[in-house]
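Tertiary structure, described
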Amino acid sequence: MSMSTAEERAAATEESLSDEEYRDRLRDLPPSAKLVAKVLETESPLSQGQLAEESLLPDRTVRYALNRLEDVELIGSRYSFRDARKQVYFLKR
């Protein structure tokens, strides 16, 4: 059973962070994670490849940054509507 759009919005609202909490979680992360988060602030959702292209970071560094952002629960992911083989990432804000 999939969530309706209203349920998705409600879930997103429950997960939203204050600016202060968002900055606190981001503060101790490496520069690559901060850059990936900044890219996701302006364009979202993006695949790992798109993030590498936009940030000018190597794929491996982007993967590391995504893992760190996931560890502190700042990003979420889902399968791409355009290509179900790819995951896309977005900020939880």
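Residues numbered from 1 in each chain as written. Predicted model: local features only at pLDDT ≥ 70, side-chain atom pairs only at ≥ 80, totals over all residues. Heavy atoms only, no water.

Where an unreviewed UniProt entry is consulted, the protein appears under the name Transcriptional regulator, ArsR family, with the organism given as Natronococcus occultus SP4.

**Focus on the side chain of Ser47**
Tracing the sequence through the fold places Ser47 in strand S1 (residues 46–47). Excluding residues that lie within four positions of it along the chain, Ser47 makes contacts with Gln87, Val88 and Tyr89. (Helix = DSSP H or I, 4+ residues; strand = E, 2+ residues; numbered from the N terminus. Contact = heavy atoms within 4.5 Å.)

**Some points on the layout of surface pockets**
By volume, the second largest pocket amounts to about 180 Å³. Contributing to the lining of the second largest pocket are Pro45, Ser47, Gln50, Arg78, Ser80, Phe81, Arg82, Asp83, Lys86 and Val88. In terms of residue class, the lining of the second largest pocket is built from three nonpolar, three polar and four charged. (1 Å grid on protein atoms, 1.4 Å probe; cavity = no way out; pocket = protein on both sides within 12 Å on 5 of 7 lines; lining within 4 Å. Points joined across faces, edges and corners; volume = space filled by probe spheres on them. Nonpolar A, V, L, I, M, F, W, Y, C, P; charged D, E, K, R; others polar.)

**Focus on the pattern of salt bridges**
This structure, assessed with the given rule, holds five salt bridges. One salt bridge connects Glu21 with Arg25, and the closest N-O pair in it is separated by 3.0 Å. Pair noted here: Glu21 and Arg25 are both in helix H2 (residues 19–27), with a separation of four residues, about one helical turn. A relative accessible area of 24% means that Arg25 is categorised as partly exposed. A salt bridge links Asp83 to Arg85; the nearest nitrogen and oxygen atoms lie 2.9 Å apart. Classification of Asp83 by relative accessible area gives buried; the value is 18%. (Salt bridge = Lys/Arg side-chain N within 4 Å of Asp/Glu carboxyl O. Buried < 20%, exposed > 50% of the residue type's maximum accessible area, 1.4 Å probe, protein only.)

**Brief notes about the side chain of Ser55**
For Ser55, the position within the fold is in helix H4 (residues 48–55). Here the side chain of Ser55 touches Leu51 through a polar contact of 2.7 Å, landing on its backbone oxygen. Not counting the four nearest positions on each side in its chain, Ser55 is found in contact with Leu35, Val39 and Val62. (Polar contact = N/O pair within 3.5 Å; in protein donor to acceptor, adjacent residues only side chain to side chain.)

**Overview of the packing of aromatic side chains**
Tallying each qualifying case throughout the model produces zero aromatic pairs. Over the ring of Phe81 we find Arg78; its NZ or CZ atom is 4.1 Å from the centre of that ring. (Phe/Tyr/Trp six-rings, centres within 6.5 Å; stacked < 30°, edge-to-face > 60°. Lys NZ or Arg CZ within 6 Å of the ring centre and 35° of its normal.)

**A closer look at the environment of Tyr22**
With respect to the element layout, Tyr22 can be found in helix H2. Expressed as a C-alpha distance, the spacing of Tyr22 and Lys92, which sit 70 residues apart in the sequence, is 9.1 Å. Not counting the four nearest positions on each side in its chain, Tyr22 is found in contact with Leu17, Ala37, Glu41, Leu74, Leu91 and Arg93. Of note is the side chain of Tyr22, whose polar atom sits 3.1 Å from the side chain of Glu41.

**As for the environment of Ser44**
Assignment of secondary structure puts Ser44 in the loop between helix H3 (31–42) and S1. A residue is classified by how much of its surface remains accessible, and Ser44, at 42% relative accessible area, is partly exposed. In this structure, the C-alpha to C-alpha distance between Ser44 and Phe90, residues 46 residues apart in sequence, is 5.4 Å. Leaving out residues up to four positions away in the same chain, Ser44 has contacts with Tyr89, Phe90 and Leu91.

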